Amino acid sequence: MNQIIDANLLKKLGLLFFRGLGILSRFLLTFLIAKKISLDFQGSFSLVNTSVTLLVLFFGLDFYIYSNKLLILNKTKSVFYLKNNLVFYSTVYVILIPILSIIFSFNDFEFSLSLLFFVVVLEHLGQEFFRIYIAIQRVYFANILLFIRSGLWTLVVVIYLFTSENINITINQLLLFWSVSALITVIISFYQYPNIKNFFKEKIDVQWIKNGLKVAMHMFLATILLKTIEFSDRYIIDFYYDKEQVGIYTFYYQLANLSNVIIFTLYISFLYPKLIDAIYKNENQKVKSIQKEIKVKSIIVIVLLFIMYGLILPFFLEYINRPQLYDYQLVLYSLLTSSLLLNLSYSGHYTLIGNNQEKKILSITFVCFILSLVLNFVLIKYIGIWGAIIAQMISNACMFALKNFESNKLARKI
């Protein structure tokens, strides 16, 4: 018994180490770009980073929602799901990359378009493997992969920025580091996949893929709307103001986003497969218990980050020595509050997924999207960054209230 406890404790500590190191490297990258390069560069890289995130969504079409839900309930078909996922994704790449290349060719970018697409494909595949390993409850290994994909290259760049006096780095070089880390992740993920030796024996099921696409499209549209809520503000800030303002906003957004990383890594990634499994088994008390745990743990993490940032933020700002940042310190705490509302909504979100209510999620997200877009365009024009924060807080509050209401309504029907 003690050996089992010790093994679990070691896994938890290992998980914290890898996630902590990845979080710390991204945390330091944000500070060092702002200090040693410029807020303009911070703003430009933020827009590239956001573009990669949005393109990954288009390449994935949220097909994982369909396949991973089935995987949670039937792990013996893991190779079948993987092979058919890869067939689907390969088809999407072949269709979308030429179309997007033509569209993007009309713009003058500060980076290589072919390198951007290379990063997007590898980042997407790495993300899908991460989700699969979470679904089969190999959370520890999934987070090692996540560190290699997103923490390793940032750590290399951080060491360079920290130790060099004359900084000479471009967006293309950052994308190149990123692509190498993502490629390593994909190779390891495939090699370690359960029963991968049977990969070529599994059949390609076109009908299964078509069924999955029908289900996934509702969640894909919802995710696009959600990411538009999350990221459109920085494009609108850039439209009305400049990249320095985007850099300031992004600087504090990255710090606040630490809460989302911690909450998902330590709690939601463990809890949501159990929540979906409990829903399918009609274990109503377990469902309520997991929903409550997601909310309580989210509140605890946000409160601890409020305290931590209250203690260390003044010292970091003094180290960075960018006077533009001092007047916006309250932005961080407002974004943390907005993050809390978003994470509270996940208890209802995964409950709706477990009950096959993807259409309901789409309708809720659409309402919040319209609200967010209107508020961003109106408020950012007149009050700048604070307009973006107010818009995000109101839309996340709406998301939490509606998803919580719908999931409670489901519970009353049972």
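Going along each chain's sequence as written, the residues are numbered from 1 onward. Since the coordinates come from a predicted model, pLDDT governs what is reported: local features require at least 70, and pairs of side-chain atoms require 80 or more to be given and counted, while whole-chain, interface and lining totals use all residues. Note: side-chain values were computed over all heavy atoms of the structure, leaving out hydrogens and water.

**Remarks on the packing of helix 5 (residues 113-135) against helix 6 (residues 139-163)**
Geometry of a packed helix pair, given as the angle between the helix axes and the separation of the axes. Helix 6 packs onto helix 5 with a crossing angle of 165° between their chain directions and a minimal axis gap of 8 Å. By the angle between their axes, helix 5 is roughly antiparallel relative to helix 6. Crossing handedness for the pair helix 5 and helix 6: left-handed. Together, Glu123, Gly126, Gln127, Phe130, Tyr133 and Ile134 of helix 5 and Val139, Phe141, Ala142, Asn143, Leu145, Leu146 and Arg149 of helix 6 make up the contact between the two elements. Residue composition of the contact of helix 5 with helix 6, grouped by class: eight nonpolar, three polar and two charged. Think of each axis as a best-fit line through the C-alpha atoms, taken over the contacting stretch in the case of a helix, with angles from 0 to 180 degrees between the N-to-C directions. Starting at the N terminus, helices and strands are each numbered in turn, a helix being any DSSP run of H or I of at least four residues and a strand any DSSP run of E of at least two. The cut-offs work like this: below 35 degrees is roughly parallel, past 145 is roughly antiparallel, 65 to 115 is roughly perpendicular, and the gaps in between are oblique. Put simply, a crossing is left-handed when the front helix is turned counterclockwise from the back one by less than a right angle, and right-handed when it is turned clockwise. Residue contacts are counted whenever heavy atoms from the two residues lie within 4.5 Å of one another. The classification used treats Ala, Val, Leu, Ile, Met, Phe, Trp, Tyr, Cys and Pro as nonpolar, Asp, Glu, Lys and Arg as charged, and all other residues, Gly among them, as polar.

**Comments concerning the confidence of the model for the chain**
The predicted model of the chain has a mean per-residue pLDDT of 87, with 95% of residues at 70 or higher. Values of pLDDT, the confidence the predictor places in each residue, fall between 0 and 100. Across the chain, the secondary-structure element scoring lowest on mean pLDDT is helix 1 (residues 2-37), at 72, and the one scoring highest is helix 12 (residues 329-344), at 94.

**Quick word on the packing of aromatic side chains**
Pairing of aromatic side chains here covers Phe, Tyr and the six-membered ring of Trp, requires ring centres within 6.5 Å, and sorts the geometry by plane angle: under 30 degrees stacked, over 60 edge-to-face, intermediate tilted. Within the structure shown, the criterion is met by 26 aromatic pairs. Aromatic pair Phe366 and Phe369: ring centres 6.4 Å apart, planes at 35°, arrangement tilted. Of this pair, Phe366 and Phe369 both sit in helix 14 (residues 358-383), three residues apart, roughly one helical turn. Judged by its relative accessible area of 45%, Phe366 falls in the partly exposed class. We call a residue buried when its accessible area falls under 20% of the maximum for its residue type, exposed when it is over 50%, and partly exposed in between, using a 1.4 Å probe and counting protein chains only. Classification of Phe369 by relative accessible area gives buried; the value is 14%. Within the aromatic cluster, the residues linked to one another by ring pairs are Phe63, Tyr66, Phe80, Tyr81, Phe88, Tyr89 and Trp208. For a ring to carry a charge above it, either NZ of a lysine or CZ of an arginine must fall within 6 Å of the ring centroid while also lying within 35 degrees of the normal to the ring plane. Directly above the aromatic system of Phe80 lies the positively charged group of Lys77, at a separation of 4.5 Å from the ring centroid. For Lys83, the ring lying beneath its charged end belongs to Phe199, and the centroid distance is 5.5 Å.

**With respect to a nonpolar patch on the surface**
Judged by side-chain polarity, Val296, Ile299, Ile300, Val303, Leu304, Phe306, Ile307 and Leu311 come together as a nonpolar surface patch covering roughly 700 Å² of accessible area. Along the polypeptide, Leu311 turns up in helix 10 (residues 284-320). Residue class for Leu311 comes out exposed when judged on its relative accessible area of 58%. Patch members must show over 30% relative accessible area and no salt bridge, and they are joined within 9 Å when carrying like charges or within 5 Å when they are nonpolar side chains of Val, Leu, Ile, Met, Phe, Trp or Tyr. Note on areas: these come from Shrake-Rupley sampling with a 1.4 Å probe, and a residue is covered only by the protein chains present in the view. Here, a salt bridge means any Lys or Arg side-chain nitrogen found within 4 Å of an Asp or Glu carboxyl oxygen.

**Some remarks on unusual backbone geometry**
Across residues other than glycine, the phi torsion is negative in most instances, and most of the peptide bonds are trans. We note that Asn195 has phi near 60°; this positive angle belongs to a residue other than glycine. The topology assignment puts Asn195 in the loop between helix 7 (171-191) and helix 8 (206-240). Positive phi, close to 55°, is recorded for Asn282, a residue that is not glycine. Relative to the assigned elements, Asn282 resides in the loop between helix 9 (243-280) and helix 10. Overall, Asn282 belongs to the exposed group, its relative accessible area being 57%.

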